[in-house]
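# Examination of the molecular architecture
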Amino acid sequence: MACCDDPTEPKKLDRRELIRLQEQYGELVRDLLTDDPEKVILKLLNDASGYLTELAALNAHHASVRLRAIALLEKPSMSILQRIVEKEPDSEFGLAAKSRLEQIGN
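The notes below deal with the structure included here. (Residues numbered from 1 in each chain as written. Predicted model: local features only at pLDDT ≥ 70, side-chain atom pairs only at ≥ 80, totals over all residues. Heavy atoms only, no water.)

Once that is clear, we can look at the packing of aromatic side chains. For the structure on display, the rule yields 0 aromatic pairs. The residue whose ring lies beneath Arg66 is Phe93, and the NZ or CZ to ring-centre distance is 4.0 Å. (Phe/Tyr/Trp six-rings, centres within 6.5 Å; stacked < 30°, edge-to-face > 60°. Lys NZ or Arg CZ within 6 Å of the ring centre and 35° of its normal.)

With that out of the way, let us pick up the packing of helix 1 (residues 15-34) against helix 2 (residues 37-45). At a minimum axis distance of 7 Å, the contact between helix 1 and helix 2 shows a crossing angle of 140 degrees. Here helix 1 lies oblique to helix 2, going by the angle between them. Packed against helix 1, whose contacting residues are Leu28, Asp31 and Leu32, the element helix 2 presents Pro37, Val40, Lys43 and Leu44 at the interface. Residues of the contact of helix 1 with helix 2, tallied by class, amount to 5 nonpolar, no polar and 2 charged. (Axes fitted to C-alpha atoms, helices over the stretch in contact; angles between N-to-C directions. Helix = DSSP H or I, 4+ residues; strand = E, 2+ residues; numbered from the N terminus. Parallel < 35°, antiparallel > 145°, perpendicular 65-115°, else oblique. Contact = heavy atoms within 4.5 Å. Nonpolar A, V, L, I, M, F, W, Y, C, P; charged D, E, K, R; others polar.)

We now examine the side chain of Thr53. Mapped onto the elements, Thr53 comes out in helix 3 (residues 50-59). The exposure class of Thr53 is buried, given its relative accessible area of 5%. Only 2.9 Å separates the side chain of Thr53 from the backbone oxygen of Ser49, close enough to count as a polar contact. Not counting chain neighbours up to four residues away, the residues in contact with Thr53 comprise Leu45, Ala48, Ala69, Leu72 and Leu73. (Buried < 20%, exposed > 50% of the residue type's maximum accessible area, 1.4 Å probe, protein only. Polar contact = N/O pair within 3.5 Å; in protein donor to acceptor, adjacent residues only side chain to side chain.)

Here we come to the side chain of Asp31. Examined against the element boundaries, Asp31 turns out to sit in helix 1. With near-sequence residues (within four places) excluded, Asp31 lies in contact with Val40 and Lys43.

Within soluble globular proteins, side chains that are nonpolar tend to cluster in buried spots. Membership of the largest hydrophobic core comes to 17 residues, with the highest contact counts inside it found for Ala56, Ala57, Ile70, Leu81, Ile84 and Ala97. Those residues within four positions of Ala97 in sequence are excluded, and the remaining contacts are Ile70, Leu81, Ile84 and Val85. (Core = buried A, V, L, I, M, F, W, Y, C linked by side-chain atoms within 4.5 Å.)

Glancing now at the pattern of salt bridges. Scanning all chains against the criterion turns up 5 salt bridges. Residue Asp14 pairs with Arg16 through a salt bridge whose shortest N-O separation is 3.2 Å. Given a relative accessible area of 66%, Arg16 falls into the exposed group. With a shortest N-O distance of 3.3 Å, Glu74 and Arg100 are connected by a salt bridge. With Glu74 in the loop between helix 4 (63-72) and helix 5 (78-87) and Arg100 in helix 6 (residues 92-105), this pair connects stretches of sequence that are 26 residues apart. What makes Glu74 partly exposed here is its relative accessible area of 46%. Residue Arg100 is classed as buried on the basis of its relative accessible area of 12%. (Salt bridge = Lys/Arg side-chain N within 4 Å of Asp/Glu carboxyl O.)

What follows is the structure, encoded as structure tokens:
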């Protein structure tokens, strides 16, 4: 008879949660295979973590995804924006990053 959770035991995933995650994964794969991947990625970007948004801003394949990611970056990501400005000062990404830096710097 256990009174407490054993920290050495791996966490057990609730069966309903597992089913939900499998369905979510299946829907994502279906969307990527049947829809425009750029649209799917743009939709996913809205709910992405800060880290993934920073990665997209730095080197996403689609220009629209990079520009959207740059627009979503906040104050903690100012170093990423600065890096983009330094690497690509005259590109559309560098100009977007410079503009975003000015917006969040104020």
